[in-house]
Amino acid sequence: MDKKVANLLNDQINKELYSAYLYLDFSNYYAEEGLEGFSNWYYIQAREEREHAEKILKYLKDSGEKVTLEAIAKPDKKLTSLKTPIEEASKHEKYVTSLIYNIYEAASVAKDYRTMHFLDWFINEQGEEESTAESLVKKFELFGNDAKSLYELDKELLSRK
Ligand code: FEO
């Protein structure tokens, strides 16, 4: 595999694990605030991020590439209001999409069609994650300031398995 593509994929494992860490932090924040549904939502999101990391790790290993695991950065978002994690998650997913596009572009330059095909799944996934994150921002803007509606929204988010 092209060195640059392999390095970017290796870095992406770390980025996905950081995403998991970030969402666990959000999950803890909401648990402390008494919103179990929001807490559940980000707990499950963290699990999905770990699965993304594992998918890339497996792909690199299956391609005969060496994987180097680096330290995961500390979640550094300041959680100052109930809305902050939701907004930060939306921004973060856009950032992750840009990272995936960057790898895709490097794979394209290297004519690495197999990696491009592998990344198709991530491109679709990012589309879904961006739209889910954005719709949660909208829901919060509509219902977040009313205690009863917030309670209902929290109940809805508790149902994510
Ligand atoms: Fe693995 Fe939410 O991007």
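Everything discussed here concerns the structure shown above.
Please read these numbers as outputs of a predicted model, since none were measured by experiment. Each chain carries its own residue numbering, running from 1 in the written order of its sequence. Where local features are concerned, this predicted model is filtered to residues with pLDDT of at least 70; where side-chain atom pairs are given and counted, the filter is 80 or more; whole-chain, interface and lining totals use all residues. Hydrogens and water are ignored here; the side-chain numbers use all heavy atoms of the structure.

As for the packing of helix H2 (residues 36-62) against helix H4 (residues 113-143)
At step 1: The interhelical angle for the contact between H2 and H4, taken along N-to-C directions, is 170°, at an axis separation of 12 Å. Relative to H4, H2 is oriented roughly antiparallel. Here H2 contributes Phe38, Trp41, Tyr42, Gln45, Glu48, Glu49, His52, Lys55, Ile56 and Tyr59 to the contact with H4, which in turn contributes Arg114, Thr115, Phe118, Trp121, Phe122, Glu125, Glu129, Thr132, Leu136 and Phe140.
At step 2: In terms of residue class, the contact of H2 with H4 is built from ten nonpolar, four polar and six charged. Orientation is described by lines fitted to C-alpha atoms, with helices fitted over the stretch in contact, and by angles between N-to-C directions that extend from 0 to 180 degrees. In DSSP terms, a helix is any run of H or I states spanning at least four residues, a strand is any run of E spanning at least two, and both are numbered starting from the N terminus. For classification purposes, angles smaller than 35 degrees are called roughly parallel, those larger than 145 roughly antiparallel, those between 65 and 115 roughly perpendicular, and all remaining angles oblique. The criterion used for residue contact is that any of the two residues' heavy atoms lie within 4.5 Å. Note on residue classes: Ala, Val, Leu, Ile, Met, Phe, Trp, Tyr, Cys and Pro are nonpolar, Asp, Glu, Lys and Arg are charged, and everything else, Gly too, is polar.

Points about the side chain of Thr97
At step 1: With respect to the secondary-structure elements, Thr97 resides in helix H3 (residues 84-109).
At step 2: To sort residues, take the accessible area from a 1.4 Å probe on protein chains only and compare it with the maximum for the residue type: under 20% means buried, over 50% means exposed, and anything in between is partly exposed. Among the residues examined, Thr97 registers a relative accessible area of 6% and is labelled buried.
At step 3: Sequence-distant contacts of Thr97, that is, excluding residues within four places in its chain, are made with Gln126 and Glu130.

With respect to the nonpolar core
One broad rule of soluble globular proteins: the nonpolar side chains tend to lie buried together.
At step 1: Here, nonpolar core means buried Ala, Val, Leu, Ile, Met, Phe, Trp, Tyr and Cys residues that are tied together by side-chain atoms lying within 4.5 Å of each other. Counting 20 residues, the largest nonpolar core has Tyr23, Tyr30, Phe38, Tyr42 and Ile86 as its most contacted members.
At step 2: When residues of this core are traced back to their parent elements, those giving at least two are helix H1 (3-32), H2, H3, H4 and helix H5 (147-158).
At step 3: It is H1 that provides the largest number of residues to this core, a total of seven residues.
At step 4: What Tyr30 contacts, discounting residues up to four positions off in sequence, is Leu35, Phe38, Ser39, Tyr42, Leu82, Pro85 and Ile86.
At step 5: By size, the runner-up hydrophobic cluster in this structure holds 17 residues, among which are Leu8, Leu60, Ala106 and Met116.

A look at the pattern of salt bridges
Note that side chains of opposite charge can pair when their charged atoms are close.
At step 1: By definition, a salt bridge exists where a carboxyl oxygen of Asp or Glu is found within 4 Å of a side-chain nitrogen of Lys or Arg. All chains considered together, the criterion is met by ten salt bridges.
At step 2: Ionic pairing is found between Asp62 and Lys58, a salt bridge with its closest N-O pair at 2.7 Å. Linking Asp62 with Lys58, this pair stays in helix H2, spanning four residues, or about one helical turn.
At step 3: By relative accessible area, Asp62 is classed as exposed at 56%.
At step 4: Salt bridges here are not isolated pairs; linked through shared partners, they connect Lys83, Glu87 and Glu141.

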